[in-house]
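Chains, contacts and geometry: an overview
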Amino acid sequence: MSEARHFVLAAGGTGGHMVPAAALAAELIRRGHSVALVSDARGVRFPGLFDGIETHIVPAAPLKGGPLGWARAGRSMLAGRRMAIRLFKERRPAAVVGFGGYPALPALLGAFALRVPTAVHEQNAVLGRVNRLVASRVTAIATSYARVERLSRALEGKTRLVGNPVREAIAELRQRPYPLLEEDGIFRILVTGGSQGASVLSQVVPDGLALLPISFRRRMQVTHQARPEDIDAVRAKYADLQIAAELATYLPDMPEQLAWAHLVIARAGASTIAELTCAGRPAILVPLPAATDDHQTANAREMTDVGGARTIAQRAFTPVELAKQMQKLGLDPQALENAAGRARTLGRPDAARDLADLVEMLDAPYSGLPDGRVAPAQPKAAFA
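Figured I'd write up the structure that's included with this text.

Scoring rules and cut-offs
Residues numbered from 1 in each chain as written. Predicted model: local features only at pLDDT ≥ 70, side-chain atom pairs only at ≥ 80, totals over all residues. Heavy atoms only, no water. Axes fitted to C-alpha atoms, helices over the stretch in contact; angles between N-to-C directions. Helix = DSSP H or I, 4+ residues; strand = E, 2+ residues; numbered from the N terminus. Parallel < 35°, antiparallel > 145°, perpendicular 65-115°, else oblique. Left-handed = near helix turned anticlockwise from the far one by under 90°. Contact = heavy atoms within 4.5 Å. Nonpolar A, V, L, I, M, F, W, Y, C, P; charged D, E, K, R; others polar. Expected span 1.5 Å × (residues − 1). Phe/Tyr/Trp six-rings, centres within 6.5 Å; stacked < 30°, edge-to-face > 60°. Buried < 20%, exposed > 50% of the residue type's maximum accessible area, 1.4 Å probe, protein only. Pairing = 2+ DSSP bridges. Right-handed = clockwise from strand over helix to strand, strands pointing away. Salt bridge = Lys/Arg side-chain N within 4 Å of Asp/Glu carboxyl O.

**Overview of the packing of helix α1 (residues 15-30) against helix α14 (residues 351-360)**
Orientation of α1 relative to α14, taken along the N-to-C sense of each, is 65°, at an axis distance of 9 Å. Here α14 runs roughly perpendicular to α1, going by the angle between their axes. Of the two elements, α1 crosses α14, and the hand of that crossing is right-handed. On α14, the residues that touch Ala23, Leu24, Glu27 and Leu28 of α1 are Ala352, Arg353, Leu355, Ala356 and Val359. Among the residues forming the contact of α1 with α14, the class breakdown is seven nonpolar, no polar and two charged.

**Looking at helix α2 (residues 66-91)**
In this model, α2 (26 residues) spans 36 Å end to end at C-alpha, consistent with the 38 Å of a helix rising 1.5 Å per residue. Of the surrounding secondary structure, the elements contacted by the buried residues of α2 are β1 (6-10), β2 (34-39), β3 (54-57), β4 (95-98) and α3 (104-114). In the stretch just after α2, arginine 92 is the one whose phi turns positive, near 50°.

**Concerning the packing of aromatic side chains**
This structure, assessed with the given rule, holds one aromatic pair. Look at phenylalanine 187 and phenylalanine 216: their rings are 5.0 Å apart centre to centre, the planes differ by 55°, and that puts the pair in the tilted class. One end of the pair, phenylalanine 187, is in strand β8 (residues 187-192); the other, phenylalanine 216, is in helix α7 (residues 214-217), and 29 residues separate them in sequence. With a relative accessible area of 0%, phenylalanine 187 lands in the buried category.

**Here's the deal with the pairing of strand β9 (residues 220-225)**
Of all six residues that make up β9, five are buried, and the element is covered over most of its length. Pairing between β8 and β9: five bridges, direction parallel. Considered in β9, the bridge of valine 191 is made with histidine 224. Each parallel crossover has a hand, and for β9 linked through helix α8 (residues 231-241) to strand β10 (residues 244-248) it is right-handed.

**Side note on unusual backbone geometry**
With a phi angle near 50°, arginine 92 is a residue other than glycine that sits in the positive phi range. Positive phi, normally seen in glycine, also occurs at glutamine 242, with a value near 60°. Mapped onto the secondary structure, glutamine 242 falls in the loop between α8 and β10. Owing to a relative accessible area of 70%, glutamine 242 belongs among the exposed residues under this scheme.

**Thoughts on the sheet that holds strand β11 (residues 263-266)**
Here we have six strands laid out as an open sheet, ordered β10-β9-β8-β11-β12-β13, and parallel in their pairing. At either end of the open sheet lies a strand with only one pairing partner, and these are β10 and β13 (309-311). Ignoring which end each strand starts from, the neighbouring axes of this sheet average 15° apart. Pairing geometry for β9 and β10, over five bridges, is parallel. Residue pairing across strands places valine 222 opposite alanine 245, the latter belonging to β10. Most of the contacts of helix α6 (residues 199-210) go to β9, to which it runs at about 175°, and overall it touches β8, β9 and β11.

**Thoughts on the environment of methionine 83**
Position of methionine 83 among the secondary structure elements: in helix α2. The exposure class assigned to methionine 83 is partly exposed, which follows from its relative accessible area of 29%. Separated by 23 residues in sequence, methionine 83 and proline 106 have C-alpha atoms that sit 8.4 Å apart.

**Let's talk about the pattern of salt bridges**
Applying the stated rule across the entire model yields 18 salt bridges. Note that arginine 301 is salt-bridged to glutamate 149, the shortest N-O span being 3.2 Å. A residue pair is termed long-range when its members are at least 10 positions apart, and arginine 301 in helix α11 (residues 295-305) and glutamate 149 in the loop between β6 (140-143) and β7 (159-161) qualify at 152 residues. Take arginine 301: its relative accessible area is 34%, and that puts it in the partly exposed class. Of the residues examined, glutamate 149 reaches a relative accessible area of 27% and is grouped as partly exposed. The residue arginine 167 makes a salt bridge to glutamate 275 at a minimum N-O spacing of 3.2 Å.

**Details of helix α10 (residues 270-279)**
α10 sits mainly inside the fold: 10 of its 10 residues count as buried. The complete set of buried residues in α10 reads Ala270, Ser271, Thr272, Ile273, Ala274, Glu275, Leu276, Thr277, Cys278 and Ala279. Positioned one or two residues after α10, glycine 280 has a phi angle of 75°, which is positive.

Next comes the structure, spelled out in structure tokens:
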């Protein structure tokens, strides 16, 4: 076991940033290190992710709203940077790791000021705005995809492909086979819009499933995560259509739901893709069109290209189109199993381990990266 050290993880307040940060935290703690989280008020609201972990909420705001909004964001970021510097002088972290999102920026700026070694992890197939801002200054960049748009080729020397860390319970699904699907057996469908939910799935999926042959509809068991404002209407729609469905606004047992799913209908967020490929589950993906730089479409590309998923742009996502894709994929057990196997080839169940290996090396001058390349040295933290 390596020498025990203290690491700070800085992440924005969405599940896409918080889930991989939590997975890394669990791995570092397992290795005997201590971990603190720096985030905003949104980041601490996810139940169970950071229980028992030292947490600090720093001021931060997105750069939007015109000149006045930019000025407010700038003041907030500077206040967060000052708070981070005070925290780092007190706690003396070995390294600070950012996971994107504007709440990560003040912590990284504080680390730069004190010359604390840093890394960023990019979950998406497009380098996020905050990570783009700091990419040239950090010690190392960890990516989830072999191809990441907006990542300068000049930074390849300090870039390492590790994958997107998932929770241990998700990683363990890799040891479980794709659930047996018999010709007349139950067909389980999981519908999820990620941590934010997705109203378009609630609007389209029930009507799309209703267009399938009645013999197939009678076999379906749907688990549908819906937004709070949609759930009652969606529950009534499934009841009217006589489709067996369980609904919830949050799925605390997501690993078990994924384990039993024959098909997943979902957004294409980074954590969703990582979980699907780790577990090996076929999917119909509907990327969020408003995602920054259309990164969800980029996220879905690799899984779709290998045949593990079908992607439907939201503008084309209608009940008729969903039913058509379901009949191409969902009515043939062998086709589904083949798609599951292709999705599985992209899984990186050891992403948390590989990222932890990289993080542990950050405070060692001229550390060799896991693939044999050399990270640029940084001076030890100046905590005076």
